[in-house]
Amino acid sequence: MEPEKRMDKRIRVDLNLEQNPISPFESLSEEVLFLILDLLNSNPLDRKSFSLVSRSFYKLESCHRRWLTPLRLDLLPSILTRYSSISHLNLTLCSRLTDVTLASIASLLSSSLRSINLSGSRSYTHKGIECLAEKCFNLEEIDVSIRVDLGDEVAAAIGKMVKMERVNMGRCKKVTDLGIGCIAAGCPNLKLLCVKGCVGVTDLGVKLVAVKCRKLQSLDVSFTMITKKCLPAIMQLPNLEEFCMTGCLGIDNKAFVNLKQGCNSLQALDMSNCEHMTDSGVLSILQKCPNLYHLNLASCSSVNVSILSGLKSMCKLGSIKLDGCKVTASGLKSLSNSCISLKELSLSKCPGVTDEGISVIMAKHKDLVKLDVTCCRYITDESLSAITSSCTSLVSLRMESCTKLSSEGFRLIGQHCPKLEELDLTDNDLDDEGLRSLANCHNLVSLKIGICLRITDNGLIPIGQSCPRLRELDLYRAIGITDKGVSAIADGCPHLEMINMAYCTNISDESLKFLSKCSKLCIVEIRGCLQVSSVGISVIAAGCRLLSKLDVKKCCEVNDAAMFSLARYSHNLCQIHLSYCSVTDAGLLALACLGSLRNVTMLHLSGVSPKGLATALLMCHGLTKVKMHSSFKSSIPRALIEHVESRGCSFHWMYKPFQVDFESSELWKQQSHDLFVE
């Protein structure tokens, strides 16, 4: 009887299959499905849902994926077995990366891998890079930056990658001219090279690159020991478009004055923090590079009227950064008569900027799309009137800490600059009327109005109703904002990705419940919000599955229940600040189960014991940075600390006295202004 029953069951199943029509999804061609997958790249959860539709969808999603950022190294072999067509591999979240792992990657992705990012990863050596060079013959881009212990052997291994086009070795302090020479000799197709902070690199290495790599388009030699000797070779590069030499103290006026040849292809030049350059040197290089579009002279003491007047010949110059320079009204007047193509101007922290200079610039350059006057504390509503009446096509405006601007002046922004996408009015006298006027800027993507103590829900609600593209909102210490205002933002801004409500003391769990509808939200900062509890955090964790950064410092009602919810739902959480919370060993152990966790700050957690902390540290394999109170240092075994450090984690031992209360926003703002004046 048993065989007959099994046969009957099979027959019934077969009959059901014959009666049920084929799923409409199965009739779609691979080309159509690939087009659908192209539209799902912004949200990894969407791709996951797609792959779970059917076996064929699962297989197609595996074949389609080209970019991968793994969180757990132990799962990497199985992941790469499934995703065998990966061309761009980002391993920056894998702090401890061994040569064995790189060898495995090289074997599994030998023909498909085009780009690999190892920035900040530790433990691998030149042997791992040699495996990539030997097997990944199509590799075109590699980033090994922020590894101060890497030397010439790694550079020599990279030099064996004959198709290599882009190399980033920033802050590899042990690399010398010998290693750079290997790259120059072995990578003739090199288009980008960054040796920023490689203090062992001198003129010899850079000249070798300039002679051998004629296709080079971008070169960054910032904070190296180069002098004028290598500049002639650099200027002879026929395709060079970007040249950055920030903080090169060996470069002086003679370096450029004596140059016989310029670089016609150069479009972007960064000379910021070059302390030994004066006007003659700057003018000389500008005359030899007639096609410059972007010029960065930030923190150059040499910027004066003669340099700004000399920009007259730079008819293609569209972007200038003069941050921190001693620019005067007469200098800005000279600038106004130059650079007819100017689109972007940055005058951040320039103490000499006044209404006179701003008015002259605005009158002559009405096509500006980006303007930064951060901390220009002497400009008034006269400047704001000139900016808004002349530059109506502004896309980005940064005016943080322009303390002489009045609340009435800010209303002009919304009235005259409807194309704004980025606006920073942090630490200003903005009120509700001015904030309401900004609702006319329907294209706003980023709005920073922190430390604006006069704004309330009445001003914020219109923003939520009129700015549906908003992705970033900074309300730091905006004490007049309550749950009602946040509700309007949550309802009207479905693309919100970041919100800062730190020290908004009227915010409660209700705000987090509203925000849980914003599925793209990944950064939430609510430190000092005393009404927020584990209830709100749990709702955010369940609703915002992309959450990657969370700051709940001084949220005393946040306890283990919140940690349990984060452990269950927030599998993308990389960074969390827990100081002064009510978390105990149980909550910390739950949090340690998150394979994505990289950065944790936990000071004054009275419910956490040395034993619980030690166990959590052992469990959390992906940690790269931990900040703890120095009192724990003696209670955790030294061997355990060394073990965790060997996995790629750095400890920062802090000594900060316990603070029961924090200063009011008004007092904090006054003290910060007093500090600036001093």
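Throughout this document, residue positions are counted from 1 along each chain, in the order its sequence is written. Restriction of local features to residues with pLDDT of at least 70 applies here, the model being predicted, together with a cutoff of 80 or more for giving and counting side-chain atom pairs; totals for whole chains, interfaces and linings are based on all residues. Hydrogens and water are ignored here; the side-chain numbers use all heavy atoms of the structure.

Some thoughts on the overall build of the chain
Thought 1: Put simply, DSSP marks the helices as runs of H or I at least four residues long and the strands as runs of E at least two long, and each gets a number from the N terminus on. Broken down by element type, the chain carries 28 helices and 24 strands.
Thought 2: Radius of gyration: C-alpha atoms only; globule rule: 2.2 Å multiplied by the number of residues to the exponent 0.38. At 29 Å, the chain has a C-alpha radius of gyration in line with the 26 Å of a compact globule built from 678 residues.
Thought 3: Projected onto its principal axes, the C-alpha positions of the chain cover 100 × 65 × 65 Å.
Thought 4: Restricting the contact set of the chain to residue pairs at least 6 apart, pairs at least 24 apart contribute 73%.
Thought 5: Working note: accessible area of the chain is about 29500 Å², and carbon and sulfur atoms make up 54% of it.
Thought 6: All tallies of charge rest on Lys and Arg as positive and Asp and Glu as negative; His and the ends of each chain are not included. Charge coordinates come from a single atom per side chain, which is NZ of Lys, CZ of Arg, CG of Asp or CD of Glu. Of the side-chain charges in the chain, 76 are positive and 69 negative, and the distance between the mean point of each set is 5 Å. Contact definition: two residues touch when any of their heavy atoms are within 4.5 Å. In this description, accessible areas are obtained by the Shrake-Rupley approach with a 1.4 Å probe, and a residue is regarded as covered only by the protein chains that are shown.

A few points about the environment of Ala 639
Thought 1: Relative to the helices and strands, Ala 639 resides in helix α27 (residues 638-646).
Thought 2: Among the residues examined, Ala 639 registers a relative accessible area of 54% and is labelled exposed.
Thought 3: Separated by 228 residues in sequence, Ala 639 and Arg 411 place their C-alpha atoms 61 Å apart. Partly exposed residues are those whose accessible area sits between 20% and 50% of the maximum for their type, while under 20% is buried and over 50% is exposed, using a 1.4 Å probe and protein chains only.

Regarding the layout of surface pockets
Thought 1: What the largest pocket holds in volume is close to 1300 Å³.
Thought 2: Only protein atoms enter the calculation, which uses a 1 Å grid: trapped sets of points that fit a 1.4 Å probe without letting it out are cavities, open sets showing protein on both sides within 12 Å along at least five of seven lines are pockets, and any residue with an atom within 4 Å of a point is a lining residue. Surrounding the largest pocket, 33 residues form its lining, Pro 44, Arg 65, Thr 69, Leu 71 and Asn 572 being those nearest its centre.
Thought 3: Looking at the lining of the largest pocket, the elements that each hand over two or more residues are α3 (44-51), α4 (55-64), β1 (67-68), α5 (76-82) and α24 (560-569).
Thought 4: Residue contributions to the lining of the largest pocket peak at five residues, all from α3.
Thought 5: Grid points are joined across faces, edges and corners, and a volume is the space filled by probe spheres set on the points. The calculated volume of the second largest pocket comes to roughly 440 Å³.
Thought 6: Lining the second largest pocket are 19 residues, and of these Arg 72, Leu 73, Asp 74, His 621 and Gly 622 sit closest to its centre.
Thought 7: In this classification, Asp, Glu, Lys and Arg are treated as charged, Ala, Val, Leu, Ile, Met, Phe, Trp, Tyr, Cys and Pro as nonpolar, and every other residue, Gly included, as polar. Each residue belonging to the lining of the second largest pocket can be placed in one class, and the counts come to nine nonpolar, five polar and five charged.

Looking at the nonpolar core
Thought 1: To define a nonpolar core, start from buried Ala, Val, Leu, Ile, Met, Phe, Trp, Tyr and Cys residues and group those joined through side-chain atoms within 4.5 Å. The biggest cluster of nonpolar side chains holds 198 residues, and the ones touching the most others in it are Ile 129, Leu 132, Phe 243 and Leu 515.
Thought 2: With near-sequence residues (within four places) excluded, Leu 515 lies in contact with Val 486, Ala 490, Leu 496, Ile 499, Met 501, Leu 521, Ile 540 and Cys 544.
Thought 3: Counting residues in hydrophobic clusters, the runner-up holds six residues, among them Leu 37, Phe 50, Phe 57 and Leu 60.

Quick look at the UniProt feature "domain: F-box/LRR-repeat protein 15-like leucin rich repeat" (unreviewed entry) in the chain
Thought 1: UniProt positions are given in the numbering used here, feature names are shortened, and annotations may be inferred rather than shown by experiment. Under the local residue numbering, the UniProt record ascribes the feature "domain: F-box/LRR-repeat protein 15-like leucin rich repeat" (unreviewed entry) to residues 78-277 and 367-516.
Thought 2: This span, residues 78-277, is 31% helix and 12% strand, and a straight line between its end C-alpha atoms measures 54 Å.
Thought 3: With 35% helix and 12% strand, the stretch residues 367-516 has end C-alpha atoms that lie 40 Å from each other.

What to know about the pairing of strand β22 (residues 599-602)
Thought 1: Here β22 shows a buried face lined by Asn 599 and Thr 601 and a second buried face lined by Val 600 and Met 602.
Thought 2: Crossovers are described as right-handed under a simple rule: with the strands pointing away from the observer, the path leading from the first strand over the helix to the second runs clockwise. On the question of chirality, the crossover connecting strand β21 (residues 575-577) to the parallel β22 by way of helix α25 (residues 585-592) is right-handed.
Thought 3: Strand pairing is assigned whenever DSSP detects at least two bridges linking the two strands. Inspection of the sheet shows β22 paired to strand β23 (residues 625-629) by four bridges, in the parallel sense. Counted as the bridge partner of Asn 599 is Lys 625 from β23.
Thought 4: With helix α26 (residues 610-619) bridging β22 and the parallel β23, this β-α-β connection has right-handed handedness.

So, empty space enclosed by the protein
Thought 1: Counted under the stated rule, the structure contains one cavity of 30 Å³ or more.
Thought 2: Counted as a void, the largest cavity has a volume near 100 Å³.
Thought 3: Taken together, Leu 588, Leu 591, Ala 592, Leu 597, Val 600, Met 602, Leu 613, Ala 616, Leu 617, Cys 620, Leu 623 and Val 626 make up the lining of the largest cavity.
Thought 4: Elements with a contribution of two residues or more to the lining of the largest cavity: α25, β22 and α26.
Thought 5: By residue class, the composition of the lining of the largest cavity is 12 nonpolar, no polar and no charged.

Quick look at the packing of aromatic side chains
Thought 1: Note on ring pairs: Phe, Tyr and Trp rings are taken, using the six-membered ring of Trp, and paired if centres are within 6.5 Å. Classes follow the plane angle, with under 30 degrees stacked, over 60 edge-to-face and the rest tilted. The final tally for this structure, using the stated rule, is three aromatic pairs.
Thought 2: Measuring from ring centre to ring centre gives 4.6 Å for Phe 50 and Phe 57, while their planes differ by 20°; the resulting arrangement is stacked.
Thought 3: With a relative accessible area of 7%, Phe 50 lands in the buried category.
Thought 4: Overall, the relative accessible area of 4% leaves Phe 57 in the buried class.
Thought 5: Pairing Phe 651 with Trp 653 gives two aromatic rings, centres 5.6 Å apart and planes at 10°, and the pair type is stacked.

Observations regarding helix α17 (residues 381-390)
Thought 1: Within the sequence span of α17, burial applies to Ser 383, Leu 384, Ala 386, Ile 387, Thr 388 and Ser 390.
Thought 2: In this structure, the buried residues of α17 make contact with α16 (355-364), β13 (370-372) and α18 (407-416).

Some remarks on the pattern of salt bridges
When the charged atoms of two side chains with opposite charge come close together, those side chains can pair.
Thought 1: Think of a salt bridge as a Lys or Arg side-chain nitrogen and an Asp or Glu carboxyl oxygen that are within 4 Å of each other. For the structure shown, the criterion picks out 21 salt bridges.
Thought 2: Linking Asp 491 and Lys 517 is a salt bridge whose minimum nitrogen-to-oxygen distance equals 2.3 Å. Note that Asp 491 is positioned in helix α21 (residues 483-492) and Lys 517 in the loop between α22 (509-515) and β19 (523-525), a separation of 26 residues in sequence.
Thought 3: Looking at Lys 517, the relative accessible area reads 49%, which means it is partly exposed.

Observations regarding the pairing of strand β24 (residues 650-654)
Thought 1: Summarising the sheet, β23 and β24 pair through five bridges and their orientation is parallel. Following the sheet pairing, Lys 625 is matched in β24 by Ser 650.
Thought 2: Viewed along the sheet, the connection from β23 through α27 into β24 turns out right-handed.

A short note on the side chain of Ser 579
Thought 1: Structurally, Ser 579 can be placed in the loop between β21 and α25.
Thought 2: Side-chain atoms alone can form a polar contact between residues adjacent in sequence; in general such a contact is a pair of N or O atoms within 3.5 Å, and within protein one must be able to donate a hydrogen while the other accepts it. Reaching out from Ser 579, the side chain makes a polar contact with the backbone nitrogen of Leu 603 at a distance of 2.9 Å.
Thought 3: The contact partners of Ser 579, leaving out residues within four places of it in the chain, are Val 552, Lys 553, Lys 554, Thr 601, Met 602, Leu 603 and Leu 605.

Side note on a positive patch on the surface
Thought 1: Patch construction takes residues with relative accessible area above 30% that form no salt bridge. Like charges are linked within 9 Å, and nonpolar side chains (Val, Leu, Ile, Met, Phe, Trp, Tyr) are linked within 5 Å. A cluster of basic side chains, namely Lys 207, Lys 228, Lys 229 and Lys 254, defines a positive patch on the protein surface.
Thought 2: Along the chain, Lys 228 turns up in the loop between β7 (218-220) and α11 (231-235).

Side note on the environment of Lys 173
Thought 1: Turning to its location among the elements, Lys 173 is positioned in the loop between β5 (166-168) and α9 (177-186).
Thought 2: For Lys 173, a relative accessible area of 46% corresponds to the partly exposed category.
Thought 3: For Lys 173 and Pro 637, which are 464 residues apart along the polypeptide, the C-alpha to C-alpha distance reads 32 Å.
Thought 4: If we skip the residues at most four places from it in the chain, Lys 173 touches Arg 147, Val 148, Gly 197, Cys 198, Val 199 and Gly 200.

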